[in-house]
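# Secondary and tertiary structure notes
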Amino acid sequence: MRYTILILTLVFVLVPELAEAQCAMCRAVLESEGSEATAKGINNGIVYLMAVPYLLVAGLFFFIYKKMKA
């Protein structure tokens with residue numbers, strides 16, 4: 001189970017195209033403009049901004065776990 005979670009996490013981090021993270025308003029505005037490059041850039045930015053807090057919290061819990069175990 002542990003390896004499955006690790007593999008899925010790595011896939012979602014390394015392949016951000018799988019995670020469409022635009023809100024409905026952002027997507028509607030960007031699609032109406034017709035600029036595909038801008039829409040992809042905004043989507044990638046949202047994915048990266050969303051991932052950073054999760055990685056920080058996961059790192060914090062990892063260090064707390066290691067500290068409590070030792």
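Everything that follows concerns the structure shown earlier in this document.
Presented here is a report on the structure given in the accompanying data block. Just so you know, these numbers come straight off a predicted model, no measurement behind them. (Residues numbered from 1 in each chain as written. Predicted model: local features only at pLDDT ≥ 70, side-chain atom pairs only at ≥ 80, totals over all residues. Heavy atoms only, no water.)

### As for the overall build of the chain
Rules: We count a stretch as a helix when DSSP gives it H or I for four or more residues in a row; a strand needs E for two or more, and each element gets its number in order from the N terminus.
From N to C terminus, the chain includes three helices and zero strands. Listing every helix and strand of the chain by position from the N terminus yields α-α-α.

### Details of helix H3 (residues 36–69)
Going by this rule: What a helix is expected to span follows from its residue count: subtract one and scale by 1.5 Å. Exposed residues in this analysis have more than 50% of their type's maximum accessible area, buried residues have under 20%, and partly exposed residues fall in between, with area computed by a 1.4 Å probe over protein chains only.
An ideal rise of 1.5 Å per residue puts 50 Å on 34 residues; H3 measures up with 49 Å between its terminal C-alpha atoms. Taken together, the buried positions of H3 are occupied by Ala-39, Asn-43 and Val-47.

### Things to note about a nonpolar patch on the surface
Worth spelling out the cut-off: Residues enter patches when they are more than 30% accessible in relative terms and free of salt bridges; like-charged ones are connected within 9 Å and nonpolar ones (Val, Leu, Ile, Met, Phe, Trp, Tyr) within 5 Å. Here the accessible surface of atoms and residues is derived via Shrake-Rupley with a 1.4 Å probe, and residues count as covered only by protein chains that are part of the display. Take a side-chain nitrogen of Lys or Arg and a carboxyl oxygen of Asp or Glu: if they are within 4 Å of each other, that pair is a salt bridge.
Taken together, Tyr-3, Leu-6, Ile-7, Leu-8, Leu-10, Val-11, Phe-12, Val-13, Leu-14, Val-15 and Leu-55 make up a surface patch of nonpolar side chains, about 1100 Å² in accessible area. Per-element accounting of the nonpolar patch gives the leading share, nine residues, to helix H1 (residues 2–14). Mapped onto the fold, Leu-14 is located in helix H1. The class for Leu-14 is exposed, based on a relative accessible area of 65%.

### Focus on the environment of Val-29
As for its placement among the helices and strands, Val-29 is situated in helix H2 (residues 24–33). Taking C-alpha positions, Val-29 is 9.2 Å from Ala-39, a pair spaced 10 residues apart along the chain.

### Description of the packing of aromatic side chains
Note the threshold: Any two of the Phe, Tyr and Trp rings considered here, Trp counted by its six-membered ring, make a pair once their centres fall within 6.5 Å; the pair's planes then place it as stacked at under 30 degrees, edge-to-face at over 60, or tilted in between.
Summed over all chains, the structure comprises one aromatic pair. Arranged with centres 5.6 Å apart and planes meeting at 65°, the rings of Phe-62 and Phe-63 form a pair that is edge-to-face. Accessibility expressed as a relative area gives 46% for Phe-62, which makes it partly exposed. With a relative accessible area of 59%, Phe-63 lands in the exposed category.

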